[in-house]
Structure formats: structure tokens, C-alpha cells
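If you want the building blocks of each chain, they are given just below.
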Amino acid sequence: MTNPQRKNLTWAQESGYEFHAETEGVISEGARGLDIFRKAESFRDHVLGIHRNRPFEILDVQVEVIRAEEWGNIWKTVVLIPTAGLDLPDFDLLPRRETGGMSFLGIKGLDLKLAPTASEDERQLVDAFNKNYRLFGGGAFEAMETSIKSAGHPAPSLADMAPICKPGVLRFLSTASTGFIEVQNGYLAIRAPETRIITGAFSDVILHGRERESLLTVANDLLDVLANAAREAPLRVLRLENTFNPRQLLSSIIGGVIGFCLGGFTGILLLFLLKEKHLFLIPVLALGGAFLGRFIGNALLRFM
């Protein structure tokens, strides 16, 4: 048994929870289809129990990711709690600090907009939320799929997303430290937040032992806030805007491919033109061209 596993076992035993070093995933069948488990390769260190009168599961999930055009696997700690008794819509909240690539491709989710008559307090709440999270009604994958299939896909109504847009919820999310948040099929799942500014190409985001209790506490706090929000009036001057543009996504991808090919070709050409041969110019120029793909894509978008 590894040292992290020993910490997780000790925490589970001291808290009266059930621990499984080897596991096939969450036992709740309705939760297995969540986006947060979509690319799961394997699972480990599965803890089950009752916390603040709510059943929970917390485990490490291995997912496949791509970084700098290289595929790899990383581990992430995820907590899962049923949302029984709460009337919540399906949605995903993605931290902006972890999803910079989505902005590059034009995938921004729903923006919360306020009317000019909004108070300063309301404006600060909404600005903090928009700065920290991307909101996808129905789920990130589902929202993008629907937008691609249906041109001009409208944003969900404020009534549909009201439980998330209450002042108390926005205030909590403006200060809470969370990773990917998902509510689907009657379950809340939260991934451990990436708090490091600089990470390696493939960096695990896992919590060991009593560190896991912090994630469990945040999840229960969020459910308490959502429960209290049912008695709270929504922001009346708020509206939702769907900022996802499938054409921009397509043009950014095409622009990235064009930029990568042009950069690589330029690097090869310079090998023949320059007296000093610098092989590193080929990958550097290719990646630089790919980075400029968004600007190439925006130019293409004017003609699409």
C-alpha cells in the first residue's frame, strides 16, 4: 500500500467511512454518465460514507488529457453527493483558470449580464462570477453539441437557471475554491481545484487523507447554499447570453491547422536558406503558427 493510500485508509477508518483501494468507479449508477467521468480510464482510493446527513462518494479518477499535442493520463480527486430534495437544473460550472484553451476556441458558455439599473453590490457579484466560472446549462458537452446541431441555439431562460443565479449562490461561488462543478441526473460532482500557478505537462490534482475533507465540506456547503437559495429572490435585472459560436470554433480549429502547417513549412524552408542549421525552428514556428490560428480563424470567419 502506498503512502497516499495509507493516508486515505486512516482518514476513512477514523471517520467511520468505507474504503476500497481498488474500485470500478462510483456505485451510483445514475452518476456514471456524468461529464466529469466521461474520459475516465480507471479509479482508486474509493471512500463512501455519510457526511452532514448526506451520503457521499469520493475517489481518485484517472482521465486522459492532451497537452501541447501530447496525450497523457492524470489523476483527479472527485466528490459525489446526491441532490435529493433539491429542485436543480442540470448544469456545469468550469473554473476559467483551468479552461484557458476554451476561450481560445471561442467556447465561453453563458454570460450573466446586468441591466444599467443594477446596484453596485449586484454588479460585483455578477462580475466575480463571470471572472471565475463558465456556466453551461444542461452540461458543457450537451450545450456545445446542441449549439452545433441547432444554429442560433437560444440561451436557457433565467427561470430555468434561477437556482444558480441567486445572490447567495453567486456570493458563495465568488469566494469558494473549487474545480469543475457538475449537477446532472440528481447528483452533484466536484473535482479538486488546481491551485498551482505553474504545473508540469501532466500534473495530478489529488487530495490525500484529511485533505479530502475540505472538498467534501465545499460540496456540502454548496448544497446548503442552493437549498437556502430556494427562498431567495433572484436578481431581477439579470439576463443570460449564450456566447458559444460554433462557426468561431470551426474557424479556430481550421486556422490552427493552417498556422501549424505554414509554420512548419517555414521552418523547413529556413533550413535550406540559412547557413546555420537550427532544427528547433521547425517545431517552434509550427507551434507559433498554431497559436496564431485564432487570428487566422477570425479572418476566415469574415468570409464564412
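Chains are numbered independently. Their residues run from 1 in the order of the written sequence. Since the coordinates come from a predicted model, pLDDT governs what is reported: local features require at least 70, and pairs of side-chain atoms require 80 or more to be given and counted, while whole-chain, interface and lining totals use all residues. By convention in this description, side-chain values take in all heavy atoms of the structure and omit both hydrogens and water.

### Notes on the pattern of salt bridges
We apply this condition: What counts as a salt bridge is simple: a side-chain nitrogen of Lys or Arg found within 4 Å of a carboxyl oxygen of Asp or Glu. Helical segments are the DSSP runs of H or I of at least four residues, strand segments are the runs of E of at least two, and each set is numbered from the N terminus. Only protein chains enter the accessibility calculation, which uses a 1.4 Å probe; a residue is then buried when its area is under 20% of its type maximum, exposed when over 50%, and partly exposed in between.
Across all of its chains, the model carries nine salt bridges by this definition. Between Arg-212 and Asp-60 there is a salt bridge; the shortest N-O distance is 3.1 Å. Placement of Arg-212 in helix 6 (residues 211-229) and of Asp-60 in strand 3 (residues 54-67) is noted, with a sequence separation of 152 residues between them. Overall, Arg-212 belongs to the buried group, its relative accessible area being 0%. For Asp-60, a relative accessible area of 0% corresponds to the buried category. Glu-213 serves as the salt-bridge partner of Arg-210, at 3.6 Å between the closest nitrogen and oxygen. What emerges from the salt-bridge pattern is a single network uniting Arg-52, Arg-54, Asp-221 and Asp-224.

### Overview of unusual backbone geometry
One non-glycine residue, Asn-53, lies in positive phi territory at about 65°. Inspection of the secondary structure assignment puts Asn-53 in the loop between strand 2 (40-51) and strand 3. Backbone geometry places Asn-185, a non-glycine residue, at a positive phi of 55°. Along the polypeptide, Asn-185 turns up in the loop between strand 8 (181-184) and strand 9 (187-191). For Asn-185, a relative accessible area of 48% puts it in the partly exposed group.

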